[in-house]
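# Architecture and fold: a report
One letter stands for each residue in the lines below.
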Amino acid sequence: MDCAQLDRFFQESSGFRLCKDPKKADLIVFKGCSVNQEKEDLSCQIVKVLESSKRPDAEILVTGCVAKIRPDLAYDGREFTDLVDQINRLSRLEDEQNLEANFPYPEFWQDPDGVLDHRTHSQLISKYCHRNPEAPLLRTFPKLHGILIKLLAKYRRLIDKELLVSRRTFCIKVCSGCMGNCSYCAIKLARGRIKSKPLDAVEREFKQGLDQGYKDFALVGTDLGDYGKDLGLDLMDLLEKLVAYEAHFTLRLRNVNPRWLIPSASLLCELLKTGKIGYILSPVESGSNKVLDRMKRDYRIEDYIDAVRKIRRAYPALILKTQIMVGFPGETDEDFRESRDLFKLGLFNYVDVYAFTKRPRTKASRLDGDVPDKIVTKRYRKLLFRSFFRLPLNRRLAFCRLKRR
Ligand code: SF4
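Residues numbered from 1 in each chain as written. Predicted model: local features only at pLDDT ≥ 70, side-chain atom pairs only at ≥ 80, totals over all residues. Heavy atoms only, no water.

## Comments concerning helix α9 (residues 199-211)
Here α9 spans 18 Å end to end across 13 residues, near enough to the 18 Å set by a 1.5 Å rise per residue. Taken residue by residue, α9 has Leu-199, Ala-201, Val-202, Glu-203, Glu-205, Phe-206, Gly-209 and Leu-210 as its buried positions. The positive-phi residue at the C-terminal boundary of α9 is Gly-213, with phi of around 90°. (Helix = DSSP H or I, 4+ residues; strand = E, 2+ residues; numbered from the N terminus. Expected span 1.5 Å × (residues − 1). Buried < 20%, exposed > 50% of the residue type's maximum accessible area, 1.4 Å probe, protein only.)

Structure representation (structure tokens):
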């Protein structure tokens, strides 16, 4: 989401002209992700691709969590030092004025100029297969591999339609950092403790979006559930303010931790009845209390399920997405079954699945009970099939049946 700020920053504040083709740009700013090993590897690979395809005199600035976690990627030239400072300041949420944002949301595989080559695109397959990107299929049948990637990319865009923010979404970054202490998390190391934007500043941006005719708003933060804790406020204070606006709009809440969702469910249900909150992403991570404890997530799975049930009943049309990690150290077959059973409850419209990877300097990287790779892959694929194919397809079919009636 920081891309939003960068986009606005370059368009409005610094006199740069946006160049869509990285091969022609004077300066390439790449915002990388380091949430897990897969994303970090992909970020590094993209930096390499950009380095090899850029003009010889062009510069690359790498920003985002990956720049902090992988300082070897950091920019060490002189010419753009001020700019790097400003960009870092944007990421740290210190300059409110520059945090207004509506923006194009770039997806790696939506690469109109083909700068990111076949191997980078093959990460799409590796993401869904949890395999080495240099897959045998790529080496033996590159054409078939290419067709498969295109089909998967199309399918993904189809199922992601209602999830992705677009140019028609007005994004407001409301906070950065969090109050959590999750044992596997590297984002916390990069982002630090919660820093919230004052309520009136968020409201000002929201009004600006309404005045510009936006109807789709996304509230964004490292952990939205912790919004306001540093200011003596709560996310509920912000939501109450925004839904009270007499206008036709929908809010998306991206990344609401169960720690907030559970105690706030009843109040949230009242707000949901207004129909103005259309989407919530709340990452549960595991269906097993034992694993949640080791992850230091600070909630019980039964409380989370109760809260989500309440929310579903209050507003059945809500799009609810969660996230599940497989292969956390010490995860047994029984723990995995408990995560898998979450799918059966029919509470979520979408579930993102990802595999645990050791992040440097995290507590989880020192935990015992490593799950063998083979088992992680098996578990990952099992959940993947449900999350990537079964759940969205069932949903689409149900939607088509409804339309026919
Ligand atoms: S809530 Fe946990 S997973 Fe989320 S950013 Fe904070 S420490 Fe990381």
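Once you've had a look at it, read on.
## Things to note about the nonpolar core
Core analysis: the biggest nonpolar cluster contains 76 residues, and Leu-239, Leu-268 and Ile-277 have the highest contact counts within it. Those residues in contact with Ile-277 that sit more than four places away from it in its chain are Leu-239, Val-243, Thr-250, Leu-251, Leu-253, Leu-268, Leu-271, Leu-272, Tyr-315 and Leu-318. Core analysis: the next-biggest nonpolar cluster, separate from the first, contains 11 residues, Ala-25, Ile-28, Val-62 and Val-66 among them. (Core = buried A, V, L, I, M, F, W, Y, C linked by side-chain atoms within 4.5 Å. Contact = heavy atoms within 4.5 Å.)

## Notes on the site of the ligand
Neighbouring the ligand are Cys-178, Gly-180, Cys-182, Tyr-184, Cys-185, Lys-188, Thr-222, Asp-223, Asn-257, Arg-259 and Arg-297. The residue makeup of the shell around the ligand, split by class, is four nonpolar, three polar and four charged. (Near = heavy atom within 4 Å. Nonpolar A, V, L, I, M, F, W, Y, C, P; charged D, E, K, R; others polar.)

## Comments concerning the pairing of strand β6 (residues 216-221)
Of all six residues in β6, six are buried; the element is thus mostly enclosed. Neither face of β6 is open: one carries Asp-216, Ala-218 and Val-220, the other Phe-217, Leu-219 and Gly-221, and all of them are buried. In the sheet, strand β4 (residues 169-176) pairs with β6 via six bridges, with the strands oriented parallel. Counterpart to Phe-170 in the pairing with β6 is Phe-217. By the bridge criterion, five bridges tie β6 to strand β7 (residues 250-254) in an arrangement that is parallel. (Pairing = 2+ DSSP bridges.)

## Section: the pattern of salt bridges
Per the stated rule, a full pass over the model turns up 17 salt bridges. Across the pair Lys-273 and Glu-270 runs a salt bridge whose closest N-O atoms are separated by 3.3 Å. Owing to a relative accessible area of 54%, Lys-273 belongs among the exposed residues under this scheme. Between Arg-300 and Glu-302 there is a salt bridge, with the nearest N and O atoms lying 3.5 Å from each other. Among the residues examined, Arg-300 registers a relative accessible area of 38% and is labelled partly exposed. Residue classification places Glu-302 among the partly exposed positions, given a relative accessible area of 38%. (Salt bridge = Lys/Arg side-chain N within 4 Å of Asp/Glu carboxyl O.)

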